[in-house]
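Summary of structural features
The chain contents come next:
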Amino acid sequence: MDSLKIPALSFSLEKLNTQLGNLVISVPQLYVERLYFQASEAQQIKSHIYGFAKGQAPINYIEKNFQPHLLDHVKEFFFKYLIISWLHEQILTHKILLAGEPRLTQIFITPGQNASFHFSITLAQPILLQGWKRLIFKAPKRKNYKDLDRQVEHFLKNENDAAKLIKDNTIAIGDWINFSVSLLDKNKNPLFEGFSEKLWLKIGSEEADGPFQNLFVGKKVGDKIITDHIGLQEHFSTHLDTHYLFAVEILDHLSHGYFCLEHFKRHFKLKSNKEIHQKFIEVFSYRNDISQRRATSEEALKLLLSKYTFSVPLYVVLRQEKAILEMVHEQSDYHVYKTQPDFREKITVLAEKQLKENILIQQLAYLEGIQIKNADIKAYLNLTNRPRTSEFIYFEPPTTKFSGQETPISESLMIQSCLKEKTLNHAIYHLTKKQSGL
């Protein structure tokens, strides 16, 4: 293996006008050569080519005659293993203002040359948010049913009791884990020195989740594994059957066995048991099937958007409409919704609302210098551990389940989701300061 230090990926942004831009991520030639050769070796082992014993075809023959399939694989592997994380990291680092998600438009890749991944982006209009903390905000009030207080007390007691039953820190079904994955060559040396992809995974309970259960259940933070695990092969490669070796290290762990109040206190900057109780009331108190927490989030964003107005390009709204329609189509009540006379109008309104909320929160995060640490992600995921507490999450969380199976999700995408929630919490905290006497 080449002992030269691998150069870093490079990132460039070209602004075409005030709305459109191109992002280009370049992958060094050395990355391309190594992965292409690794993929060729994998293809060589499984191929039975006329005139050669199985697995004995010359590697040069494989590289030349299987090139289209190998290149498709290299594109996909790089995209999932390098590009997604690097893209979102650079967007945050350079505080790029986006309207909608980046769209992959082209991939240029040839053995022996740098590879490049090209993305089209729509740039959001900058919002002047100065003075937002001084806005007058009236947060929705809780219902004054004593039964709500008893429900909160019952919930807290159950979770405290559940915490006492956890005897060790081993990973169990239902838990969240954070782990790194490094691709190895056949001699168990890192193929890309200094680089590993970080992923989050919920250990599912279904039969389809068996492979990841077998890999992680019973393990602990700090454990290191060298594996050719099928779940990782399929996660990074659908174009080519691979048997790559991966070095896996478990970095962090969040138990599903109990709801962690310490993470909860951190997430909402709570200091006393009274504040914890009051915060939980927000997801136990409902009016018109809307929780107090949901109503507070809606009203806070509505206030900010009414004071700081901006527009979103129509074509971005249309893309968001399409995404919403695809999601609604999967719901059992889709045909009922579709028959309503104002169905499409509601979809358009919802699409524009979602885009504006995301743009506003993104720019507020940049303005306030909000950063995400691993503890923030754990506090965010802790909320997903119980149906009731998931009501504290306003923005749609990343999808982790595909075809009935829990699959890993890039840490960069988790950071993106967590940042939106932390920024919204930050906004609500400051808007309600005067009401709470803080």
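Placed above this text is the structure.
Just so it is clear, the structure is predicted and the values come from calculations on it, not from any experiment. (Residues numbered from 1 in each chain as written. Predicted model: local features only at pLDDT ≥ 70, side-chain atom pairs only at ≥ 80, totals over all residues. Heavy atoms only, no water.)

1. Focus: the overall build of the protein chain
The helix and strand tally for the protein chain stands at 15 helices and 13 strands. For the protein chain, whose C-alpha radius of gyration is 25 Å, the value lies close to the compact-globule estimate of 22 Å for 438 residues. Dimensions of the protein chain, computed from the C-alpha atoms along their principal axes, are close to 80 × 60 × 45 Å. When burial is assessed residue by residue, the protein chain has 48% of its 438 residues classed as buried. In the protein chain, the proportion of contacts linking residues at least 24 apart, taken out of those at least 6 apart, comes to 75%. (Helix = DSSP H or I, 4+ residues; strand = E, 2+ residues; numbered from the N terminus. Rg over C-alpha atoms; globule rule 2.2 N^0.38 Å. Buried < 20%, exposed > 50% of the residue type's maximum accessible area, 1.4 Å probe, protein only. Contact = heavy atoms within 4.5 Å.)

2. Remarks on the side chain of S255
Looking at the secondary structure, you find S255 in the loop between β8 (245-254) and α7 (261-268). A distance of 2.9 Å separates a polar atom in the side chain of S255 from the backbone nitrogen of G257. Ignoring sequence-local partners within four residues, the contact set of S255 consists of I166, D175 and N385. (Polar contact = N/O pair within 3.5 Å; in protein donor to acceptor, adjacent residues only side chain to side chain.)

3. Some thoughts on the state of the cysteines
On inspection of all chains with the given rule, the structure shows zero disulfides. C260 forms no disulfide, and the closest cysteine sulfur to it belongs to C418, at a distance of 15 Å. (Disulfide = S-S within 2.5 Å.)

4. Observations concerning the pairing of strand β4 (residues 115-122)
Two faces belong to every sheet, and in a regular strand the side chains alternate between them. The buried fraction of β4 is high, at seven of eight residues. With eight bridges connecting them, strand β2 (residues 20-27) and β4 associate as antiparallel partners. Across the sheet, residue I25 finds its bridge partner in β4, namely F117. Hairpin connection from strand β3 (residues 103-108) to β4: six residues lie between these consecutive antiparallel strands, with G112 at a positive phi of about 90°. (Pairing = 2+ DSSP bridges.)

5. Topic: the packing of α7 against helix α8 (residues 273-281)
Where α7 meets α8, the axes come as close as 11 Å, and the angle between the chain directions of the two elements is 80°. The pairing of α7 with α8 is recorded here as roughly perpendicular in orientation. Facing α7, whose interface residues are L261, F264, K265 and F268, α8 presents I276, K279 and F280. Classifying every residue of the contact of α7 with α8 by side-chain character gives five nonpolar, no polar and two charged. (Axes fitted to C-alpha atoms, helices over the stretch in contact; angles between N-to-C directions. Parallel < 35°, antiparallel > 145°, perpendicular 65-115°, else oblique. Nonpolar A, V, L, I, M, F, W, Y, C, P; charged D, E, K, R; others polar.)

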